[in-house]
Structure formats: C-alpha cells, structure tokens
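Summary of structural features
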Amino acid sequence: MTRTQWAAITAVVLALLFAGTSAVIAAGRDGAGDDGASPAPPTAGSADAGFARDMAVHHQQAVEMSFIVRDVTDDEDVRRLAYDIANTQANQRGMMLGWLDMWGLPKVEAGREPMSWMTQGSGSGSDSGSGHQGMDMDHGGSGHGEHRARDGSLMPGMATKTELAQLRAARGKQAEILYLQLMTDHHKGGVSMAQGCVQMCAVAPEKALAEGMVAAQQSEMDLMADLLEARGAKPRPTG
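Residues numbered from 1 in each chain as written. Predicted model: local features only at pLDDT ≥ 70, side-chain atom pairs only at ≥ 80, totals over all residues. Heavy atoms only, no water.

1. Looking at the overall build of the protein
Under the convention used in this document: Each helix is a run of DSSP H or I of at least 4 residues and each strand a run of E of at least 2, with the numbering of both proceeding from the N terminus. For the exposure calls, accessible area comes from a 1.4 Å probe over protein chains only, and a residue counts as buried if that area is under 20% of its type's maximum, exposed if over 50%, partly exposed in between. Note on areas: Shrake-Rupley with a 1.4 Å probe; residue coverage comes only from the protein chains shown.
On a plain count of helices and strands, the protein comes out with six helices and zero strands. Each helix and strand of the protein, ordered N terminal to C terminal, gives the series α-α-α-α-α-α. When burial is assessed residue by residue, the protein has 48% of its 239 residues classed as buried. Only carbon and sulfur atoms are counted for the fraction: they give 51% of the accessible area of the protein, which is about 10,800 Å².

If you want it as structure tokens, here you go:
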C-alpha cells in the first residue's frame, strides 16, 4: 500500500461525496422547464426508482460488512478502507432513499423482484420503457450486466447469510482476506448495477452519481486486489 494509492482513492471518494451532495439538491429540480414547472417524477417501475431501491439495499450490506471487519482486525490498511467504504456508501444510500421520498415512492415494493428494472428498459415517468432494451442478467462473468447472483444472495455481488457469519467469526488475516474477497464481489455487482443506471436512468443527477460509483468502486477493486496480493490471496473466481 502506498501513499499514492490512498491519495487516489481518497480523491475519488471526496469527489463522489461532493458530487452526490450536489445531486440531492439538483434531483429535486432536474428537468424543470423554462417556466419553472416540475417534471413528472419517476414511476415505481422506472429504472431510476429501481436503481435507487436496489442500490440502497446493496449499499447497506457493504456498510455492514465494513463495520464487521473493523471489529475483527487491527490492520490499519484494511480498517481505513472499510471506513471509507462504509462512510461513502452510507452517504450514497441516504441520497437514494431521499430521492425515493422526494418522488413519493416506496423504499420497498412488495411483489417486484430485485433487479427487474435492469431487464425491462424503462425511464423516468414510465413503467414499460422509453426506448431502452434493458440489461441481460443471466450470463456468467463480471462484465456490464453480467454478474450473476449466487445461491442465497439477494442481488449480484451480495454476500450470503453464511458468508456474513463466516466474516463475523473470522479474525485477523483470515478476516481481512475474506472481507476483501467478499467486497470485491460486492463491488463487481455494484458496478454492473451502476452501469445499468448510467444507460437506463432518466434523472441526470442520478446518472451522474451512478457514473461516480463506477469510477470509485473500480478504483477500490484495484486497491483490494493489491491488498489481497500482499496477503498471499486473490479475488474469488467470478461465474
């Protein structure tokens, strides 16, 4: 771990937090006409609403895992990374839940499958689509829209209850490696979701936040690969 690496990660995080704060303000007036009239808010089935709901849940687990590892290791590099991830993703989660409140939409919607917005292209104000073709979530791999949810996990990249229990039980280097592997998987799923929003969301500030998530989480994955290598380990195979 070098000062340059931490400086790069910190710069991305700070920029993302600043942009996100501005986005919360802007999202309330995005798309307003010259007469100041507010545009129709996204509907419950839109990509904008689906991304906000699903990524809020996705982020919550990242925060949980980060707090777990901070309690089971004394390694400053891993603890610092965990703090940065928890702080950033808790902040972003608050923004997305705030948007849902502002749009008058539920934070949890019974009967709607997680990630359904990625398979039925839709935009602001529409449940059925606005020219997008949606995202294929049925393939293996870690590319755009291709990170598969594993058995027992709610969405792509998310850890299972068994894996969370293993992380809580681990200590020291074992905990560090497991956290870095789980969080790498988590980021792969998060990047895929954020790329989906970049392509499909209609609210400009939300698209901008998603673009920032992609950049930040890709940088953090590079850092986590270095931390794993320093511990004689690698990210887990994706598939």
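2. What to know about unusual backbone geometry
Residues other than glycine seldom take positive phi values, yet methionine 115 does so here, at roughly 75°. Tracing the backbone through its elements, the reader meets methionine 115 in the loop between helix H3 (76-103) and helix H4 (161-169).

3. With respect to the environment of proline 114
The test is simple: Residue contacts follow a heavy-atom distance rule, with two residues in contact if any of their heavy atoms lie within 4.5 Å.
Following the sequence through the fold, proline 114 ends up in the loop between H3 and H4. On the basis of relative accessible area, proline 114 is assigned to the partly exposed category, the value being 29%. Not counting chain neighbours up to four residues away, the residues in contact with proline 114 comprise Asp54, Leu154 and Met155.

4. What about the nonpolar core?
For clarity, the cut-off: By convention a nonpolar core is built from buried Ala, Val, Leu, Ile, Met, Phe, Trp, Tyr and Cys residues, the set being connected through side-chain atoms within 4.5 Å.
Counting residues in each nonpolar core, the largest one holds 56 residues, and the members touching the most others are Phe51, Met65, Met96 and Tyr179. For this core, the secondary-structure elements that each account for two or more residues are helix H2 (47-72), H3, H4, helix H5 (172-200) and helix H6 (204-230). Examining the composition of this core, we find that twelve residues originate from one element, H5, more than from any other. Beyond its immediate sequence surroundings of up to four residues, phenylalanine 51 is in contact with Ala56, Met96, Trp117, Met193, Ala194, Cys197, Cys201, Glu206, Ala210 and Met213.

5. Here we look at the packing of aromatic side chains
Short version of the rule: Aromatic pairs are defined between Phe, Tyr and Trp rings, using the six-membered ring for Trp, whenever the two ring centres lie within 6.5 Å; interplanar angles under 30 degrees are classed as stacked, those over 60 as edge-to-face, and all others as tilted.
In the structure shown here, the tally under the stated rule is two aromatic pairs. The interplanar angle of 80° and the centroid separation of 5.8 Å between the aromatic rings of phenylalanine 51 and tryptophan 117 together place this pair among those described as edge-to-face. With phenylalanine 51 in helix H2 and tryptophan 117 in the loop between H3 and H4, this residue pair connects regions lying 66 residues apart in the sequence. For the pair formed by phenylalanine 51 and tryptophan 117, the shared burial category is buried. Residues tryptophan 99 and tryptophan 103 carry aromatic rings whose centres are separated by 6.2 Å and whose planes lie at 20° to one another, so their mutual orientation is stacked. Taken together, the positions of tryptophan 99 and tryptophan 103, both in helix H3 and four residues apart, correspond to about one turn of that helix. Judged by its relative accessible area of 8%, tryptophan 103 falls in the buried class.

6. Description of the confidence of the model for the protein
What counts is decided by this rule: On a range of 0 to 100, pLDDT expresses the predictor's confidence in each residue.
With 70% of its residues at a pLDDT of 70 or more, the protein shows a mean pLDDT of 81. Long-range and interchain partners of residues 18-26, a stretch whose pLDDT sits below 50, account for nine contacts in this model, where long-range means more than four residues apart.

7. Quick look at the packing of H2 against H6
Selection criterion: For helices, the fitted axis covers only the stretch in contact; all axes are lines through C-alpha atoms, and the angles between them, taken along N-to-C directions, range from 0 to 180 degrees. Two helices that cross are described as forming a left-handed crossing if the nearer one is turned anticlockwise from the farther one by less than a right angle, and a right-handed crossing if clockwise. Under this grouping Gly is polar, as are all residues other than the nonpolar Ala, Val, Leu, Ile, Met, Phe, Trp, Tyr, Cys and Pro and the charged Asp, Glu, Lys and Arg.
At their nearest, the axes of H2 and H6 sit 11 Å apart, and the two run at 35° to each other. Here the hand of the crossing between H2 and H6 comes out left-handed. Listed contacts from H6 to Asp48, Phe51, Ala52, Met55 and His59 of H2 are Glu206, Ala210, Met213 and Gln217. Of the residues contributing to the contact of H2 with H6, the split by class is five nonpolar, two polar and two charged.

8. A short note on the pattern of salt bridges
Which entries qualify depends on this criterion: By definition here, a salt bridge exists when the distance from a side-chain nitrogen of Lys or Arg to a carboxyl oxygen of Asp or Glu is within 4 Å.
Inspection of every chain in the model, using the stated rule, returns ten salt bridges. Among the ionic pairs, aspartate 101 bridges to lysine 107, the shortest N-O distance being 2.5 Å.

9. Some details on the packing of H2 against H4
Describing two packed helices takes the angle between their axes plus the distance from one axis to the other. To be explicit about the condition: In this scheme, roughly parallel covers angles under 35 degrees and roughly antiparallel covers those over 145, while 65 to 115 is roughly perpendicular and the rest are oblique.
For the pair H2 and H4, interaxial distance at closest approach is 9 Å and the crossing angle is 25°. For the element pair H2 / H4, the angle class is roughly parallel. Residues Gln61, Glu64, Met65, Ile68 and Val72 of H2 pack against Leu164, Leu167 and Arg168 of H4. Per-class residue counts for the contact of H2 with H4 are five nonpolar, one polar and two charged.

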